[in-house]
Every structure is written in C-alpha cells, then in structure tokens.
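So the chains spell out like this:
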Amino acid sequence: MTVPAPQLTTLLSNRDLDRLARLRLKVSRRFTNRGRGEHLGVKGGTSTEFCDYRDYTAGDDVRFVDWNIFARIQRPYLKQFHQEEELHVAVLIDASRSMLFEEKFALAQRLAAALGVLVLRGGEKVSAYALGTAGPSLRLRPTRGRSAQGKLFAFLENIEGGGDTPVEQGIAGFLRQHSGRGVAVVISDFLTDGDLRRSFNLLHNAGLEICAVQILGPSELAPEIAGDLRFVDSETAANLDISAAGDLLSLYHEYRLAHEAQLTALCQQRSGKFLSISSAEPFERVVFDIMRRRGWIV
C-alpha cells in the first residue's frame, strides 16, 4: 500500500504543486537587480550563455574578442553573453474587510501561494506583504529556494483578514519597507475611493513592474437587487439608502466597468498586466487556464 505524501500547505494540493513545478511566472519587462541570479536580464553580461556579437571598441575587454573571426576577416568582434540577474517578486495581498466577502480573500491567499511557488522554483527571490490586516502589519522578508516554500505558506496561512486600511495606503506602507527593482503582484478587489493612479505611479517609479489581480465576488459582478434597500460599506460602515434599484443597477455596472477599464489602463501604460476574476472561479482554472492564456504564466 502506497502512503500518500504529506500535504505541505492547506492552500495548495500536492497535485497543484506538481503542476506548478513545470511552469514559470512571465514578466514583460525585466526589472532585475545587479545581484547574480537565474533570470536572464536584458543587458549583456558574463555568463556562459552566448547571445550575440558586436563591434569591438577601444577599452573593451580583449578576453571576449572572437579571435577565430579576427583571423578570417581581420576585424575584431566582441562576444556577448546573457547576464544572469536576480529577479525579486513582491506579492502584495489585500487583507482588508471587503476582501472577506464571498471568499475573495481565500482565493487571494491561494493565488499568492501559487505565484510565490513559481518564483521560488524558478530560482528567484520572493517577498510577501499583507495590506490592511486586522492585526499588526505582516511581512515576509525576501527569500529564495525551494526550502523557503514552508515560510511562504506559513506566512500566507497566518494572515488575519478584516482590517480597514485602504489598499492605496497599504501600497504606500509596503514601499516604505521595500527596496530594489523587481515585480509587484498586487492581489485585491481594488474597491476604494483612494487615488490608485498615485499608487501605481509610486510602484512604477520604484522600479517595479505591476501585475494586478482584481478579485470580485459573484454578487459584486452581477448583483440582484429590488425594492428599497440600505447599503452598508463593510470598511467604513457608511450607509446609503436607495430606491428604484433598476436604475441603480445600470449605473452600477457602468461604474464597475469604467473602474476595470481604468485599472487595465493604469497597468498597461506602465508596461504591466491586469486581470479581473470572480471569486467563484475554481482556483485551478484561474492559474492553469486563464493566467496561462493571458500570458502571466508559461
């Protein structure tokens, strides 16, 4: 009788981990740091993987001259190599009170775990931050290697959701602790009255490629309301009494789609990515189907 392997985390099944082992996180702009790593940078370097030739200019290191070409055509060409640089991916997960609605936070935890595993198994560095927690602010310092998976899982499993800090304030707090270039994966519902344009500018100006995942609940995507209603904001406790719900629904959808279009533009204008999903979507479909088709994962 075969004994099943122990489960490493409540967030991902062993089958999920096996499937993730064959995939990598794809970033469109390589904001890498100068420390050596396994990520191929856009600049030439001194690894053993040849990439191109260029003309020799005075002051170049003669060790990289291709003497075989020089012997044939009497003209010096310099061999260039890929530079293996360190990629740092920071995963930011919104733990504010609105994320507890309709299992949004549960899906965010699983997505953060999956993306973190992709980074660690790709030989890169990952850090994680909980934005707007009910308890003290949480941070997983930059770490790398498969052995760090346990630290990542424990961090994500222990996040206490239900805080009242808006996502834009959480991003500002993250940037006060973060240093270096890389990728910022922000997982949130982005339901805030704050200035998200400023937040995205701050991330971009810090040298971070923005990958934003918006998670909305099914009733936020397609609310069913009728009659006279009172809405209560889950984070501010503000009340709004309404009637004529039919007119409100059309206005709501107009604003929701405009908000999604704004988030898409904020990411694309900064060479980033944006994805909006429902919390009712199965985790496996989001990671292994939607994210692969949208070019997040290869």
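Engineer: What am I meant to see in the sheet that holds strand β6 (residues 182-188) here?
Structural biologist: Each strand in a sheet pairs with its neighbour through backbone hydrogen bonds, running either in the same direction (parallel) or in the opposite one (antiparallel). With mixed pairing, the six strands of this open sheet are ordered in space as β5-β4-β3-β6-β7-β10. Of all strands in the sheet, those with a lone pairing partner are β5 (138-144) and β10 (273-278), marking the two edges. On average, each strand axis in the sheet is tilted by 15° relative to the strand beside it, whichever way the strands run. Each of β3 (88-94), β4 (125-131), β5, β6 and β7 (208-216) is contacted by helix α5 (residues 167-177), which is oriented at about 140° to β4, the strand it contacts most.

Engineer: How do you make sense of the nonpolar core when you look at a structure like this?
Structural biologist: For soluble globular proteins, the rule of thumb is that nonpolar side chains tend to be buried together. Core analysis: the largest hydrophobic core is formed by 51 residues, its most contacted members being L12, L111 and I187. In terms of residue count, the dominant contributor to this core is helix α3 (residues 104-121) (twelve residues). Beyond its immediate chain neighbours, meaning those up to four positions away, L111 contacts I187, V213, I215, I277, F283, V286 and V287. In terms of nonpolar packing, the next biggest core, distinct from the first, is built from 21 residues, L175, A184, F190 and L203 among them.

Engineer: For this particular structure, what's the right way to read the packing of aromatic side chains?
Structural biologist: Centre-to-centre distance and the angle between the planes together describe a pair of aromatic rings. Counting across every chain of the model gives two aromatic pairs. Considering the side-chain rings of Y129 and F174, the 4.6 Å spacing of their centres and the 75° angle between planes classify their relative orientation as edge-to-face. Taken together, the residues span a long stretch of sequence, with Y129 in strand β4 and F174 in helix α5 at a distance of 45 residues. Of the two residues examined, Y129 and F174, each falls in the buried class. Against the face of F288 rests R19, its NZ or CZ located 3.9 Å from the ring centre. Just above the ring of F283 sits the side chain of R110; from NZ or CZ to the centre is 4.2 Å.

Engineer: When you look at α5 in this model, what are you seeing that I'm missing?
Structural biologist: Quick reminder: α-helices carry 3.6 residues per turn. Residues three or four places apart thus point the same way. Those residues of α5 that fall on the buried side of the exposure criterion are V167, E168, G170, I171, G173, F174 and L175. Buried residues belonging to α5 abut β3, β4, β6, α6 (196-205) and β7.

Rules and cut-offs
- Residues numbered from 1 in each chain as written.
- Predicted model: local features only at pLDDT ≥ 70, side-chain atom pairs only at ≥ 80, totals over all residues.
- Heavy atoms only, no water.
- Pairing = 2+ DSSP bridges.
- Helix = DSSP H or I, 4+ residues; strand = E, 2+ residues; numbered from the N terminus.
- Axes fitted to C-alpha atoms, helices over the stretch in contact; angles between N-to-C directions.
- Contact = heavy atoms within 4.5 Å.
- Core = buried A, V, L, I, M, F, W, Y, C linked by side-chain atoms within 4.5 Å.
- Buried < 20%, exposed > 50% of the residue type's maximum accessible area, 1.4 Å probe, protein only.
- Phe/Tyr/Trp six-rings, centres within 6.5 Å; stacked < 30°, edge-to-face > 60°.
- Lys NZ or Arg CZ within 6 Å of the ring centre and 35° of its normal.

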